[in-house]
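# Fold and contact review
Residues per chain, in single letters:
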Amino acid sequence: MSDAPRTDSLPVADASSHPETPAIAAPARTATGSIRTSTATGAIRTLGSNPATAPIMLHPGDAISLGRRTLYIILLGALTALGPFTIDLYLPAFPVLEEDFQTTAAAIQLTLTGTMIGFALGQLVVGPLSDKVGRRVPLIVVTALHVLASVGAAFAPDLAPLSVARVLMGVGAAAGGVVAMAIVRDLFGGRRLVVMLSRLALVSGVAPVVAPLIGSWLLTLMPWRGIFAVLAAYGIVMLLSTILFIPETLPVARRQDRGGATMLQRYRSVLSDRVFLGVLVIGGMTFSGLFSYLSASPFLFQVTHGLDAQQYGLLFAVNSLGVVLGVQTASRLAARFGPQWVMAYSTAVLLLSAVAIVVTDQLGLGLWGTVIPLFVFMTACGFTMPNVQVLALDRHGKAAGTAASIIGAANFGVAGLISPAVGWLSHDAGITATTMASVMVGCSVVGILALWLVVRPRTVGMLTP
């Protein structure tokens, strides 16, 4: 990639200050009997029968087997999903919580706001910390915090302790998505980075959509406190999986410490990148449009259009398929044409489909007039999200944790602020497709402006092979 400052220029520790760390690692024999050596540039050469023609692998992940990559995708995807599930799994329990605690709906809503604030702030701390001390330790510590906070929420006697526990749960869930993206960037680059990040984007896009459905199903089996017990169990599984299966992907020699970049320097380097700032806005607007749909859909489809729980669940499932279709297709197109050009089309489709929802609602075309363009909107979200991550992280390999934390905090923080605008626009008239799509239109317009005025696709180079 070219143009704009990259964190490759960040100050790194001088080799002389680390005499215990050689510039060139000793040759290692692989399971197949060949010898693998690394160079000072980070390239890896696997020596076979003819060392002169052995392939050079520019990224550590190039030498990982398909089975191991599949395991990483599953585990890192599950870590990424911990955040959306922590935020959204208990949404169907809001009426029950309101009744049990004898409080208002607005007070219960504040527990969701607190979770998102904790999630955003946690990412801003965990990401840079993982650049300094490595990936595993922050991931293990913060995931353990999530488990303890989930147990605390399950036994909360009233709303105040529950609110505190929810904030801590948000902080604890923050590590999953941030460190997962940073680990992928540690291991991969170029077009393979597109493919790997597309898998994580698939999870982060689908998880917020399916989490309320799973929460509804859990409420048929257990009281609302059981949902937090399930989240605690989820966290324990992720904690054990991290300890047993996820290696440290940021060796000491590559960490930004002892003469390296400070946290402030990493933030300054990342935030001084014009392209990064542009895709940051695009990602925040895309997530805000998605969360506007999530916050409005229960009222729109169950109250206005009269769908029952099963029909509502089917609608969610169909829209989830749209996200899946978009993410998987985007990974192939981005590798061939460049993520910036995929976003040029996907952001335009976001705007057109949102406008179509407003038009069909004003024409009185009913449920199908809303559902069809909504599916297109969700598919366009799937096209956009992985390309945001690719453009941001490909440019900042040496501060991947910092870059990933800013992306995650912006996505959820901005979405948490904007998505309630649907209810504000509705006032006392009730949520309609027009009020929901109006927020989507506004988000799409801002995203398009950020792409063409800030990112400027023609100035962004193509991905490396």
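To be clear, the structure that these remarks concern was listed above.
Residues numbered from 1 in each chain as written. Predicted model: local features only at pLDDT ≥ 70, side-chain atom pairs only at ≥ 80, totals over all residues. Heavy atoms only, no water.

## Topic: the environment of A81
Summarising the element assignment, A81 is placed in helix α1 (residues 66-88). Between the C-alpha atom of A81 and that of A207, which follows or precedes it by 126 residues, the distance is 5.9 Å. (Helix = DSSP H or I, 4+ residues; strand = E, 2+ residues; numbered from the N terminus.)

## Some details on the side chain of Q123
When you line up the elements, Q123 lands in helix α3 (residues 105-133). Once you skip the residues sitting within four places of it in the chain, Q123 turns out to touch P128, A174, V178, A404, S405, G408, A409 and F412. (Contact = heavy atoms within 4.5 Å.)

## Here's the deal with the environment of V323
Examined against the element boundaries, V323 turns out to sit in helix α10 (residues 309-337). Spatially, the C-alpha atoms of V323 and V209 are 9.5 Å apart, while their sequence positions differ by 114 residues.

## With respect to helix α9 (residues 274-304)
The first and last C-alpha atoms of α9 sit 43 Å apart over 31 residues, in line with the 45 Å expected at 1.5 Å per residue. At A296, α9 shows its largest bend, some 50°, and a proline, P298, comes one to four positions later. By the criterion of burial, α9 is predominantly enclosed, with 23 of the 31 residues buried. G306 sits one or two residues past α9 and shows a positive phi near 70°. (Expected span 1.5 Å × (residues − 1). Bend = angle between axes of the 7 residues up to and from the residue. Buried < 20%, exposed > 50% of the residue type's maximum accessible area, 1.4 Å probe, protein only.)

## Concerning the packing of aromatic side chains
Under the counting rule described, the total for this entry stands at five aromatic pairs. Ring geometry for F85 against Y234: centres 6.1 Å apart, planes inclined by 75°, an arrangement best described as edge-to-face. Here Y234 lies in helix α7 (residues 224-245) and F85 lies in helix α1, a separation of 149 residues in the sequence. What makes F85 buried here is its relative accessible area of 14%. The side chain of R166 reaches across the aromatic face of Y90, ending 3.9 Å from its centre. (Phe/Tyr/Trp six-rings, centres within 6.5 Å; stacked < 30°, edge-to-face > 60°. Lys NZ or Arg CZ within 6 Å of the ring centre and 35° of its normal.)

## Observations concerning the pattern of salt bridges
The tally for this structure, following the rule as stated, stands at one salt bridge. R135 is the salt-bridge partner of D186, the closest N and O atoms lying 2.7 Å from each other. Linking D186 in helix α5 (residues 159-187) with R135 in the loop between α3 and α4 (136-154), this pair joins segments that are 51 residues apart in sequence. In this structure, D186 and R135 share a single accessibility class: buried. (Salt bridge = Lys/Arg side-chain N within 4 Å of Asp/Glu carboxyl O.)

## Description of α1
Between its terminal C-alpha atoms α1 stretches 33 Å, which fits the 33 Å expected from 23 residues at 1.5 Å a residue. Where α1 bends most, the angle comes to about 30°, and this point is L82, followed within four residues by the proline P84.

## Focus on the packing of α4 against α5
Contact geometry for α4 and α5: axes closest at 8 Å, N-to-C directions at 150°. What the angle tells us is that α4 and α5 run roughly antiparallel. The interaxial crossing formed by α4 with α5 has left-handed handedness. Note on element contacts: α5 touches α4 through L162, A165, L168, M169, V171, G172, A173, A175, G176 and V179, opposite P138, L139, V142, T143, L145, H146, A149, S150, G152 and A153. Here the residues of the contact of α4 with α5 sort into 14 nonpolar, six polar and no charged. (Axes fitted to C-alpha atoms, helices over the stretch in contact; angles between N-to-C directions. Parallel < 35°, antiparallel > 145°, perpendicular 65-115°, else oblique. Left-handed = near helix turned anticlockwise from the far one by under 90°. Nonpolar A, V, L, I, M, F, W, Y, C, P; charged D, E, K, R; others polar.)

## Overview of unusual backbone geometry
Among all residues except glycine, the phi angle is most often negative; among peptide bonds, the trans geometry is most common. Phi angles above zero are rare outside glycine, and Q102 is one such case at about 50°. Its place among the elements puts Q102 in the loop between α2 (94-100) and α3. A positive phi angle, close to 55°, is found at R456, a residue other than glycine. With respect to the helices and strands, R456 occurs in the segment after α15 (433-455).

## A word on the state of the cysteines
Inspection of every chain in the model, using the stated rule, returns zero disulfides. With no disulfide of its own, C381 has C443 as its nearest cysteine by sulfur position, at a separation of 9.7 Å. For C443, a relative accessible area of 5% puts it in the buried group. (Disulfide = S-S within 2.5 Å.)

## Considering the environment of G122
With respect to the helices and strands, G122 occurs in helix α3. Separated by 47 residues in the primary sequence, G122 and M169 have C-alpha atoms spaced 9.8 Å apart. Filtering out sequence-adjacent residues up to four positions away, G122 remains in contact with V171 and A174.

## Regarding a nonpolar patch on the surface
Together, I236, L240, I243, L244 and F245 give the surface a local cluster of nonpolar side chains, amounting to about 480 Å² of exposed area. Considering the arrangement of structural elements, one finds L244 in helix α7. The class for L244 is exposed, based on a relative accessible area of 62%. (Patch = residues over 30% accessible without salt bridge, like charges linked within 9 Å, V, L, I, M, F, W, Y side chains within 5 Å. Areas by Shrake-Rupley, 256 points an atom, 1.4 Å probe, with all protein chains shown as cover.)

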